[in-house]
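# Structural characterization, general
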Amino acid sequence: MSDQRRNSEITVKPLGYALGAEVLGVDTSAPPAPDTVSAVNALWHEHHVIAFRGERLEPQDITAFAGAFGPLDDHASTPFYRHQDFPELLQVTNREIGGKPSETRNTGRNWHSDYAYTSHPAAASMLYCDTRPPVGGDTMFANMVRAYDTLSPKMREILDGLDAVYDISLTAGFGQRDPQQTAETRRLNPSIAHPAVRTHPDSGKRALYVSERVSHFHGMTIAESKPLIDFLCAHATRPDNVYRHQWAEGDLVCWDNRTTMHLALTDFDQTQPRHMLRATLLGGQSGFIVE
Ligand code: SIN
């Protein structure tokens, strides 16, 4: 515990209207002390997405910092995409891996909450920007608490009684990935239903939990579900409910998967390197398998 860092003064600078804030005064290169974790968690619950900027980190720094906020997922649900020396880090990169373009170069290309298609949806994620293209490669975030709160009372009542079925094969670009790897990833992650509205365990806030990776609502047909899924995604991603992060190298952006969803944009020259490392904070067991 001796190398834990205390921080003298933590301040915050809002980045977006609906969500997003930069946190200043926290050293991300070492595990934070418990009072720093508490202070950061309070800001995180308030702003949903927080960014620490301008500190170059090594993989072990990221896992040490992230691990102070809770147990880290070893990414066994998507074993092909994790860092070979640090399984607690998922690579999101267009660098070559094993002499081939990385299968993760198109990760996150539709609105989603991390690992919603598993039996342990991610509580939160921390994405570190190692290398960014000269222009673009931005990530957008939507506030799902605000999305829920701005629905009519009747629509909230309907959604409160629904379970949303998640299907990994609806992940954008999944069908273009290595067929053997996708078959195994599909086997590891059968379709699963989670409540369409969830209560955050710490803040008590209710948040919509429906994204572009939902195939249908349990007990309803795909045709019946699709208009509602489309409406909810459009409603949640209205410009006034979104924050768009323009990355700088050294950014560590952290989002709460229970109160946000996000989208990795293709707004950049794909021949330019974009290399990101993600630590994923483990969520609890949830949902039921749907055959
Ligand atoms: C992700 O969806 O976890 C990756 C987001 C990004 O690369 O911007």
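Further up the page is the structure itself.
Definitions and limits used
Residues numbered from 1 in each chain as written. Predicted model: local features only at pLDDT ≥ 70, side-chain atom pairs only at ≥ 80, totals over all residues. Heavy atoms only, no water. Helix = DSSP H or I, 4+ residues; strand = E, 2+ residues; numbered from the N terminus. Rg over C-alpha atoms; globule rule 2.2 N^0.38 Å. Buried < 20%, exposed > 50% of the residue type's maximum accessible area, 1.4 Å probe, protein only. Contact = heavy atoms within 4.5 Å. Areas by Shrake-Rupley, 256 points an atom, 1.4 Å probe, with all protein chains shown as cover. Lys, Arg positive; Asp, Glu negative; His and termini not counted. Charge placed at Lys NZ, Arg CZ, Asp CG, Glu CD. 1 Å grid on protein atoms, 1.4 Å probe; cavity = no way out; pocket = protein on both sides within 12 Å on 5 of 7 lines; lining within 4 Å. Points joined across faces, edges and corners; volume = space filled by probe spheres on them. Nonpolar A, V, L, I, M, F, W, Y, C, P; charged D, E, K, R; others polar. Near = heavy atom within 4 Å. Polar contact = N/O pair within 3.5 Å; in protein donor to acceptor, adjacent residues only side chain to side chain. Sits in = over half its atoms within 2 Å of the grid points. Core = buried A, V, L, I, M, F, W, Y, C linked by side-chain atoms within 4.5 Å. Pairing = 2+ DSSP bridges. Axes fitted to C-alpha atoms, helices over the stretch in contact; angles between N-to-C directions. Phe/Tyr/Trp six-rings, centres within 6.5 Å; stacked < 30°, edge-to-face > 60°. Lys NZ or Arg CZ within 6 Å of the ring centre and 35° of its normal.

## Topic: the overall build of the chain
The number of helices and strands found in the chain is six helices and 18 strands. In terms of overall dimensions, the chain is globule-like: its C-alpha atoms have a radius of gyration of 18 Å, near the 19 Å expected for 291 residues. Expressed along its principal axes, the backbone C-alpha trace of the chain runs to roughly 55 × 45 × 35 Å. Buried residues in the chain amount to 55% of all 291 residues. Residue pairs in contact within the chain that sit at least 24 positions apart in sequence constitute 81% of those at least 6 positions apart. Here the chain displays about 12500 Å² of accessible surface, and carbon together with sulfur accounts for 52% of that area. In the chain, 27 side chains carry a positive charge and 36 a negative one; their mean positions are 3 Å apart.

## Considering helix α2 (residues 59–67)
Within the sequence span of α2, burial applies to P59, D61, I62, T63, F65 and A66. Buried-residue contacts for α2 involve β3 (49–52), β4 (89–93), β7 (124–131), β15 (252–256) and β17 (275–281).

## Here's the deal with empty space enclosed by the protein
If you walk through the whole model with that rule in mind, you get five cavities of 30 Å³ or more. There is about 180 Å³ of room inside the largest cavity. Lining the largest cavity are 17 residues, and of these T78, T107, Y117, R177 and R213 sit closest to its centre. In terms of residue class, the lining of the largest cavity is built from six nonpolar, seven polar and four charged.

## Focus: the site of the ligand
In the neighbourhood of the ligand, the contacting residues comprise V92, G108, H112, D114, L127, T139, W255, H262, A264, R274 and R278. Between the ligand and T139 there is a distance of 2.5 Å, counted from an oxygen atom to a side-chain nitrogen or oxygen. Between the ligand and R274, the relevant distance is 2.8 Å, taken from an oxygen atom to a side-chain nitrogen or oxygen of the residue. Here the ligand loses 100% of its free accessible area of 260 Å² to cover by the protein chains. More than half of the atoms of the ligand fall within 2 Å of the grid points belonging to the second largest cavity. Across the shell around the ligand, the residue classes break down as four nonpolar, four polar and three charged.

## As for the nonpolar core
Membership of the largest hydrophobic core comes to 39 residues, with the highest contact counts inside it found for M144, L159, Y166, L208, V210, F217 and L232. Mapped onto this core, the elements with two or more residues apiece are β8 (139–143), α3 (144–149), α4 (153–160), β9 (163–166), β12 (206–208), β13 (214–217), α6 (222–236) and β16 (260–264). With 24 residues, the next largest nonpolar core counts V26, A66, A123 and A124 among its residues.

## Regarding the sheet that holds β16
Strand pairing within a sheet occurs via backbone hydrogen bonds; the two strands may be parallel or antiparallel. Read across the sheet, three strands follow the order β14-β8-β16 without closing on themselves; strand pairing throughout is antiparallel. In the strand order of this sheet, the two ends are held by β14 (242–245) and β16, each with one partner. Here the strands of the sheet are splayed against their neighbours by 20° on average, with no regard to which way each runs. The sheet contact formed by β8 and β16 spans five bridges and is antiparallel.

## Some points on the side chain of T182
Along the chain, the position of T182 falls in helix α5 (residues 179–188). If sequence neighbours within four positions are ignored, T182 has contacts with F174 and R177.

## Notes on the packing of aromatic side chains
Going through the model one piece at a time under the given rule, you end up with eight aromatic pairs. Judged by centre distance (5.9 Å) and plane angle (80°), the ring pair of W44 and F69 falls under edge-to-face. In this pair, W44 sits in helix α1 (residues 34–47) while F69 sits in the loop between α2 and β4, placing the two residues 25 residues apart along the sequence. There is no split in this pair, since W44 and F69 are both buried. Pairing F65 with F69 gives two aromatic rings, centres 5.4 Å apart and planes at 55°, and the pair type is tilted. F69 gets classed as buried once you look at its relative accessible area, which sits at 15%. One aromatic cluster is present, built from ring pairs that chain together W44, F52, F65 and F69. The ring of Y81 carries the charged tip of R177 above its face, separated from the ring centre by 4.8 Å. Seen from the ring of Y209, R198 lies directly overhead, with NZ or CZ sitting 3.7 Å from the centre.

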